[in-house]
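# Coordinate analysis (summary)
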Amino acid sequence: MGTDAHVVAPPAPTIASEASRKPAAPALTRRASLTAVAALLDYFVKAGVSLVVTPILVGGLGRTLFGIWEMLGRIVGYMAATDGRSTEALRLVIAQQQDADAATRQRSVGAAMAVFLLMVPLVALVGGTLAWFSPQITHAPPEQYANVRIAAAFLVASFLFTGLSAIPESVLRGMNLGYKRMGFQASLSILAGGLAALAVYQGWGLPGIGASQIVRALIIGVCYWWLVRKYVSWFSVARPARANVKSLLSMSVWLSVGDLVSKLLLASDVIILGAVISPAAVTTYVLTGYAARTGLGIFVFTAGSAMAGFGGVLGQGHVERAVKLRSELLTMTWLFATVVGATILAWNQSFLNLWVGAHNYAGPWVDLLIVLVVSQTAFIRTDAYIIDAALRPRGRVVIGAITMVATLALGITLTHFFGILGLCAGMLIGRAIQSVAYPLIVRACLKHPKRTAGEILAAIRLALVTAFLFAGANLVSRNCQAPSWPVWLLAVGMSVAVFGAVALVLGPTAEARRTLISRIRTILTGLRPARPKEAA
């Protein structure tokens, strides 16, 4: 710093139905709801596997090697900029081409494939360089140099295979059919976790864990190609025109730079901490922030699942509807960040005591700053998704680059003086640039006027409610500790209910509260099995 309820999926759409009629709003909501469920299913299973496997890795590798493994994951993540991000561009383009003919969309797939193949040599060069110097970057012990390089090389190979499998995945998500993968990725997460645990148990160390990532990437690729051929009847790779490749490449370049900036902002914390202090400090920081990052992941998957529908709304020119949807998204983001953040502050120390031991808890102030950073990131991600859905990533990338420089400078400086606490403070202060600039860019994309006095007062009210609940959660943490897992689970469930009720009553205005509850009901209705006439 990447869950199984049974849902009856609607029949696959035919070419004629996809090309000749626009999805109705209920159909869009239903698809977005099912896609969100599929994403959450996958994520919850992945989080559950991590919950079981992480103590095994920490115990088998030790604090230093586990910290190095976390750093390797972040280092290889920086390579995202070198693959052209053609698959992400493809998802955004397909989302806006849902009414286009099959040939147009097939050429878009061909353009994405062409851009990906063009970038493979660059990925190999950058990946090989990072793998060779990874021991020095991670401050690995000299006797572990070979193992660290092999593990990094395996992660680079896994990155390439994952990029190839992302082409059919992007088509599914762009068509708002991401829910068709329900259960597949979750099962593969269990397989990957089992392979990683087996590697540690057999004494294969970092190279063994890296090899498990290659196996997972290969199987996921096969599954996605099969799914897209089964459920997207028009799917094929057509020879693109030069204009198709040029257009997609132009967007991909900005998305690549933006992704690199995002990785430097979101993943450099571990690298800074390992370089300035030690890999063992990385372990303490990562484990303390585990719950907060898991909560952010749930939000990212859910919000990301709604963006295909949002892109479709923008593609149809329904700007007023897009403005209203953004307002709903921001309110839901606030509710999620407040309730989840307060619950984490109340019970994270107990969680770590039961999970990996009290010595891995970084303290209440670090815990608070991590929750604030994650909450800030949730709002930033919401507006970033909207900017990309509008196919205008340039402004986001420029602001992100400025933020990156400020955040890295503050993070490195404050870490030297205050350790983990300084790192968190540096990230929070540095990313405030995005918190101010991204809403301005979104309003320009949606041609929406500046915020009114009423909207500003409503935002202040929400912030005060969040501060009140966070303060109460901190008092709970200082005075209550869960002695066992059953007690902890009961306490977390009760906290979510209480914090959620208080937030809903005290936070949004009456109108916003009614809209939010209505949207939640609509989403839940969309999860019910569709009647034949509703299936889209």
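Cut-offs and rules
Residue positions are given per chain, counted from 1 along the sequence in the order it is written. Per-residue local features of the predicted model are confined to residues with pLDDT of at least 70, and side-chain atom pairs are confined, for both listing and counting, to 80 or more; whole-chain, interface and lining totals are unaffected and use all residues. The basis for the side-chain values is all heavy atoms of the structure; hydrogens and waters are excluded. A run of H or I in DSSP counts as a helix once it spans at least four residues, and a run of E counts as a strand once it spans at least two, with each numbered from the N terminus. Categorising residues by exposure relies on relative accessible area from a 1.4 Å probe, with only protein chains included: less than 20% of the type maximum marks a residue as buried, more than 50% marks it as exposed, and the intermediate range marks it as partly exposed. Under the convention used here, a 1.4 Å probe and the Shrake-Rupley method define accessible areas, while residue burial counts only the protein chains that appear. Whenever a helix is involved, its axis is fitted only over the stretch in contact; in every case the axis is a line through C-alpha atoms, and angles between N-to-C directions fall within 0 to 180 degrees. Geometric relationships in this document are graded by angle, where less than 35 degrees denotes roughly parallel, more than 145 denotes roughly antiparallel, 65 to 115 denotes roughly perpendicular, and other angles denote oblique. A clockwise turn of the near helix away from the far one marks a right-handed crossing, whereas an anticlockwise turn of less than a right angle marks a left-handed crossing. Here a residue-residue contact requires only that any non-hydrogen atoms of the pair lie within 4.5 Å. The classification used treats Ala, Val, Leu, Ile, Met, Phe, Trp, Tyr, Cys and Pro as nonpolar, Asp, Glu, Lys and Arg as charged, and all other residues, Gly among them, as polar. Given a helix with a known number of residues, its expected span is that number minus one, times 1.5 Å. Each residue is assigned a bend, namely the angle between axes fitted to the seven residues that terminate at it and the seven residues that start at it. Each Phe, Tyr or Trp ring (for Trp, its six-membered ring) is paired with any other whose centre lies within 6.5 Å, and the angle between the two planes then decides the class: stacked below 30 degrees, edge-to-face above 60, tilted in between. Throughout this description, the term nonpolar core refers to a set of buried Ala, Val, Leu, Ile, Met, Phe, Trp, Tyr and Cys residues connected via side-chain atoms within 4.5 Å. Each patch is built from residues lacking any salt bridge and having more than 30% relative accessible area; the joining distance is 9 Å for like charges and 5 Å for nonpolar side chains (Val, Leu, Ile, Met, Phe, Trp, Tyr). The rule for a salt bridge is simple: a side-chain nitrogen of Lys or Arg has to be within 4 Å of a carboxyl oxygen of Asp or Glu. Confidence scores per residue from the predictor, reported as pLDDT, run from 0 to 100. Two N or O atoms count as a polar contact when they lie within 3.5 Å, although within protein this holds only if one can serve as hydrogen donor and the other as acceptor, and sequence-adjacent residues are included solely when both atoms are side-chain atoms.

### A look at the overall build of the chain
Along the backbone of the chain there are 18 helices and zero strands. Counting across all 536 residues of the chain, residues that qualify as buried make up 54%. Carbon and sulfur atoms make up 68% of the accessible area of the chain, which amounts to about 22900 Å² in all.

### Description of unusual backbone geometry
Outside of glycine, negative phi angles account for most residues, and trans bonds account for most peptide bonds. Despite not being glycine, His 139 shows a phi value in the positive range, around 55°. Mapping His 139 onto the fold places it in the loop between helix H4 (102-138) and helix H5 (145-174).

### Notes on the packing of helix H11 (residues 319-355) against helix H16 (residues 453-479)
The description of two packed helices rests on the angle between their axes and on the distance between the axes. Relative orientation of the contacting elements H11 and H16 amounts to 15°, with a least axis distance of 7 Å. As the angle between them shows, H11 and H16 are arranged roughly parallel. Here the hand of the crossing between H11 and H16 comes out right-handed. Contacts from Trp 334, Ala 337, Thr 338, Gly 341, Ala 342, Leu 345, Ala 346, Trp 347 and Gln 349 in H11 reach Leu 462, Val 465, Thr 466, Leu 469, Phe 470, Ala 473, Val 476 and Ser 477 in H16. When the residues that make up the contact of H11 with H16 are grouped by side-chain class, the tally is 12 nonpolar, five polar and no charged.

### Some thoughts on H5
The terminal C-alpha atoms of H5 lie 42 Å apart, and with 30 residues this matches the ideal 44 Å at 1.5 Å per residue to within 8%. Within H5, the axis deviates most sharply at Ile 167, by approximately 35°, and proline Pro 168 lies no more than four positions further along.

### What to know about the environment of Val 496
Within the secondary structure, Val 496 is located in helix H17 (residues 485-506). Along the chain, Val 496 and Val 339 lie 157 residues apart, while their C-alpha atoms are 6.2 Å from each other. Other than its neighbours up to four places away in sequence, Val 496 contacts Val 339 and Thr 343.

### A word on the packing of aromatic side chains
The tally for this structure, following the rule as stated, stands at nine aromatic pairs. Summarising the aromatic geometry, the rings of Phe 351 and Trp 355 are spaced 5.0 Å apart at their centres and angled 25° between planes, so their arrangement reads as stacked. Here Trp 355 and Phe 351 lie together in helix H11, a separation of four residues that amounts to about one turn. One exposure class covers both Phe 351 and Trp 355, and it is buried.

### Some words on the nonpolar core
Counting 90 residues, the largest nonpolar core has Leu 72, Leu 206, Ile 209 and Tyr 285 as its most contacted members. Among all residues touching Leu 206, those that are not within four sequence positions of it are Leu 61, Leu 65, Ile 68, Trp 69, Asn 147, Val 148 and Ala 151. With 29 residues, the next largest nonpolar core counts Ala 111, Met 113, Val 171 and Leu 172 among its residues.

### A few points about a nonpolar patch on the surface
On the surface, Trp 365, Phe 417, Phe 418 and Leu 421 cluster together into a nonpolar patch covering about 520 Å² of accessible area. Structurally, Trp 365 can be placed in helix H12 (residues 364-389). Taking the relative accessible area as the measure of exposure, Trp 365 reaches 56% and is therefore exposed.

### Some details on the environment of Gly 193
The residue Gly 193 is located in helix H6 (residues 184-201) in this model. Gly 193 sits 23 residues away from Arg 216 along the chain, and the two C-alpha atoms are 9.5 Å apart.

### With respect to the pattern of salt bridges
Scanning the entire structure with this criterion turns up two salt bridges. For the salt bridge of Arg 74 with Asp 269, the shortest nitrogen-to-oxygen distance reads 3.1 Å. With a gap of 195 residues between them, Arg 74 in helix H2 (residues 25-77) and Asp 269 in helix H8 (residues 242-276) connect regions that are remote in the sequence. Here the two residues Arg 74 and Asp 269 agree in accessibility, since each one is buried. As a salt-bridge pair, Asp 383 and Arg 326 come within 3.1 Å of each other at their nearest N and O atoms. Taken together, the residues Asp 383 in helix H12 and Arg 326 in helix H11 connect sequence positions 57 residues apart. Using a relative accessible area of 4% as the deciding quantity, one classes Asp 383 as buried. Take Arg 326: its relative accessible area is 8%, and that puts it in the buried class.

### Digging into the confidence of the model for the chain
With 83% of its residues at a pLDDT of 70 or more, the chain shows a mean pLDDT of 80. Below a pLDDT of 50 lies the segment residues 1-26, which in the model reaches 62 contacts outside its immediate sequence neighbourhood of four places, other chains included. Counted against residues more than four places away or in other chains, residues 529-536, with its pLDDT under 50, gives 14 contacts.

### Focus: H12
Between its terminal C-alpha atoms H12 stretches 37 Å, which fits the 38 Å expected from 26 residues at 1.5 Å a residue. In terms of residue burial, H12 counts as a mostly covered element, since 20 of its 26 residues are buried. Positive phi appears at Leu 391, one or two residues downstream of H12, with a value of about 60°.

### Let's talk about the side chain of Thr 288
As for its placement among the helices and strands, Thr 288 is situated in helix H9 (residues 279-288). On the basis of relative accessible area, Thr 288 is assigned to the buried category, the value being 1%. Separated by 2.8 Å, the side chain of Thr 288 and the backbone oxygen of Thr 284 make a polar contact. With near-sequence residues (within four places) excluded, Thr 288 lies in contact with Asn 348, Leu 352, Asn 360, Tyr 361, Ala 362, Asp 367 and Ile 370.

### With respect to the side chain of Arg 149
Tracing the backbone through its elements, the reader meets Arg 149 in helix H5. In this structure the side chain of Arg 149 is engaged in a polar contact, spanning 2.8 Å, whose partner is the backbone oxygen of Trp 132.

### Focus: the packing of H5 against helix H7 (residues 205-231)
At a minimum axis distance of 8 Å, the contact between H5 and H7 shows a crossing angle of 10°. As judged from the angle between their axes, H5 and H7 are roughly parallel. When you trace H5 past H7, the crossing you get is left-handed. Residue composition of the contact of H5 with H7, grouped by class: 22 nonpolar, seven polar and one charged.

### So, the environment of Gly 419
Tracing the backbone through its elements, the reader meets Gly 419 in the loop between helix H13 (393-418) and helix H14 (420-430). For the pair Gly 419 and Val 276, spaced 143 residues apart in sequence, the C-alpha separation works out to 8.5 Å. Look past the residues within four positions of Gly 419 in its chain and what remains in contact with it is Ile 277 and Leu 414.

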